[in-house]
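Structural description and commentary
Letter by letter, the chains look like this.
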Amino acid sequence: MPPVPNASLIIRGLLLLIVAAGVYFFRGFLVPVLAALIIGFASWPLYRRGVRACGGSTTLAASLALVIVVVVLIVPLTLALHYALQEASTLVTWLLEVNRNGAPPPRWIEALPWIGGTLATYWREHLGEPHALGDWVQILSGQHIGNIYRMVLSATGDVFNLALTVLFMLITLFFVYKDGAHIADQLDAVGERILPLQWQRFSRVVPATVSATVTGLGLIAVGEGLVLGVAYWIAGVPSPVLLGVVTGFMALIPGGAPLSFTLVSLYLVGSGHLWAGVGLFAWGAIELFIVDKTLRPRLVGGPVKLPFLPTFFGLVGGVKTMGIVGLFVGPVLMALLVAIWREWVHSMRQPSPLVLPPETEPPREP
């Protein structure tokens, strides 16, 4: 008689197949779900206040929170990206013209102190001839400049997919707000069963990490891009919206914001606007000092400090995998990995309590 297979083993195998099938069929919703979870984690304390103000009605509080997210986050980012893409089209047209006919070095490069002459010489040697820019792009990226232009057009023109992603994210965010407490209770029950000793620490680290990362990277980066974008506009820099968006993205990387406004200040100095360049650099330095010394410690609270390399890998990997949403999802996931690793190392270094064997009584004499 053949052996009867274990019923529990069959059930576990079927459960794994069902989970794998669910992940396969719903993998397209990974980006909006992760974005909704990140926004929900970061805004959860404010949402709890809204629930108390609404008399405990989670449906009403979730609806109001969703409206606030749309007004405060979605609409401004959409307008900023729209104007930035309009200004970027002018830049792309100029680059194609430079690649077709060549271009002499700009006057502001030649006017830069100390390095202007050297940079102008390199420009004439490597970019002044026709099709020189395309050759350099192909050397650096392995793609022809025309292919890159068509890729950019196809990526920016796929508005329908981006709108669907935002719609799914908002729907998911509504249910995260509405049923978040019940979901957290279920996760605690499962987590305490799987990791009975470490789950309490991990369940506290994850929300703090997500909130700190989104606040420390996302909100401050958006604020720096907005403030410096206004400063670019006041200083008379061309394409201030595009440069503000680029500065906001660069602010996600440690040292990115100072590099951005320093390069723009050098452009102004080289263009003959000395005081505008000096004023922009002073404004950026003061703004950066205020943010780093006052706002960032208050907003972040210091629970997690992400090093440069995980931040960089999170940004690049997030953009490569998830697009624009990956700018925020990637660093958050890297921050979670770093936090879980630190908690694990901390728990491993703590000495485990010594368990003594129970004392045995001597045998009694009959």
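Bear in mind that the values here come from a model prediction, so they are computed numbers and not experimental data. Numbering of residues starts from 1 in each chain and follows the order in which that chain's sequence is written. Owing to the predicted nature of the model, reporting of local features is limited to residues with pLDDT of at least 70; listing and counting of side-chain atom pairs is limited to 80 or more, with chain, interface and lining totals taken over all residues. Only hydrogens and water are set aside when side-chain values are computed; all heavy atoms of the structure are taken into account.

Strands are runs of DSSP state E lasting at least two residues, helices are runs of H or I lasting at least four, and both sets are numbered from the N terminus onward. Multiply 1.5 Å by the residue count of a helix minus one, and that product is the helix's expected span. Between its first and last C-alpha, helix H11 (residues 256-270) extends 21 Å over 15 residues, near the 21 Å set by a 1.5 Å rise per residue. Once H11 finishes, Gly272 follows within two positions and takes phi at roughly 95°, a positive value.

To continue, consider the packing of helix H3 (residues 58-101) against helix H10 (residues 240-250). Geometry is summarised by axes, namely lines fitted to C-alpha atoms with helices restricted to the contacting stretch, and by angles between N-to-C directions that run from 0 to 180 degrees. Between H3 and H10, whose axes approach to 8 Å, the crossing angle comes to 115°. Comparing the axis directions of H3 and H10 gives the class roughly perpendicular. Like other packed secondary-structure pairs, H3 and H10 cross with a definite hand, here left-handed. Here Ala80, Leu81, Tyr83, Ala84, Glu87, Ala88 and Leu91 of H3 come into contact with H10, specifically with Pro240, Val241, Leu242 and Val245. When its residues are assigned to classes, the contact of H3 with H10 shows 10 nonpolar, no polar and one charged. Between 65 and 115 degrees an angle is taken as roughly perpendicular, under 35 as roughly parallel, over 145 as roughly antiparallel, and anywhere else as oblique. With the far helix as reference, a near helix turned anticlockwise by less than a right angle produces a left-handed crossing, and one turned clockwise produces a right-handed crossing. Residue contacts are defined here by distance: any two heavy atoms, one from each residue, within 4.5 Å place the two residues in contact. For this classification, Asp, Glu, Lys and Arg are treated as charged, while Ala, Val, Leu, Ile, Met, Phe, Trp, Tyr, Cys and Pro are nonpolar and the rest, including Gly, are polar.

Rolling a probe over the atoms, with the probe sized like a water molecule, indicates the empty space that remains. The volume enclosed by the second largest pocket comes to roughly 1200 Å³. For cavity detection a 1 Å grid was placed over the protein atoms alone, and a set of points counts as a cavity when a 1.4 Å probe fits there but cannot get out; an open set counts as a pocket when protein lies on both sides within 12 Å along at least five of seven lines, with lining residues being those that have an atom within 4 Å of a point. For the second largest pocket, the lining is made up of 30 residues, of which Leu91, Trp94, Trp108, Leu243 and Tyr267 are closest to its centre. At the level of secondary structure, the elements contributing two or more residues to the lining of the second largest pocket comprise H3, helix H4 (107-110), helix H5 (116-126), H10 and H11. Grid points are joined across faces, edges and corners, and a volume is the space filled by probe spheres set on the points.

The next point concerns the packing of aromatic side chains. Two rings from Phe, Tyr or Trp (for Trp, the six-membered ring) form a pair when their centres are within 6.5 Å of each other. A pair whose planes differ by under 30 degrees is stacked, one over 60 is edge-to-face, and the rest are tilted. Per the counting criterion, the structure on display carries four aromatic pairs. Their ring planes at 45° and their centres at 5.0 Å tell us that Trp44 and Tyr47 sit as a pair that is tilted. Residue Trp44 and its partner Tyr47 are located together in helix H2 (residues 30-53), separated by three residues, close to a single helical turn. Relative accessibility thresholds used throughout: buried, under 20% of the residue-type maximum; exposed, over 50%; partly exposed, between the two (1.4 Å probe, protein chains only). Trp44 sits in the partly exposed class, given a relative accessible area of 25%. Of the residues examined, Tyr47 reaches a relative accessible area of 4% and is grouped as buried. For the ring pair Phe174 and Phe175, a centre distance of 5.3 Å and an interplane angle of 85° mean the geometry is edge-to-face. Members of the aromatic cluster, connected to one another through ring pairs, are Trp44, Tyr47 and Tyr177.

At a minimum axis distance of 10 Å, the contact between H2 and H3 shows a crossing angle of 125°. The angle between the axes of H2 and H3 places the two elements in the oblique class. Here H2 and H3 pass one another in a crossing that is right-handed. Packed against H2, whose contacting residues are Ile39, Tyr47, Gly50 and Val51, the element H3 presents Thr58, Ala61, Ala62, Ala65, Val69 and Leu73 at the interface. In the contact of H2 with H3, the residues fall into eight nonpolar, two polar and no charged.

We now examine the nonpolar core. Side-chain atoms within 4.5 Å link the members of a nonpolar core, which is a set of buried Ala, Val, Leu, Ile, Met, Phe, Trp, Tyr and Cys residues. Ile39, Tyr47, Met169, Leu173 and Tyr177 are the most contacted members of the largest nonpolar core, which has 17 residues in total. Looking at this core, the elements that each hand over two or more residues are H2, H3 and helix H8 (159-194). At six residues, H3 tops the list of elements feeding residues into this core. Residues contacting Ile39, with those up to four places away along its chain left out, are Val69, Leu73, Met169, Leu173 and Tyr177. Listed in part, the nine residues of the second largest apolar core include Tyr232, Val237, Phe261 and Leu268.

Geometry only, nothing functional implied.
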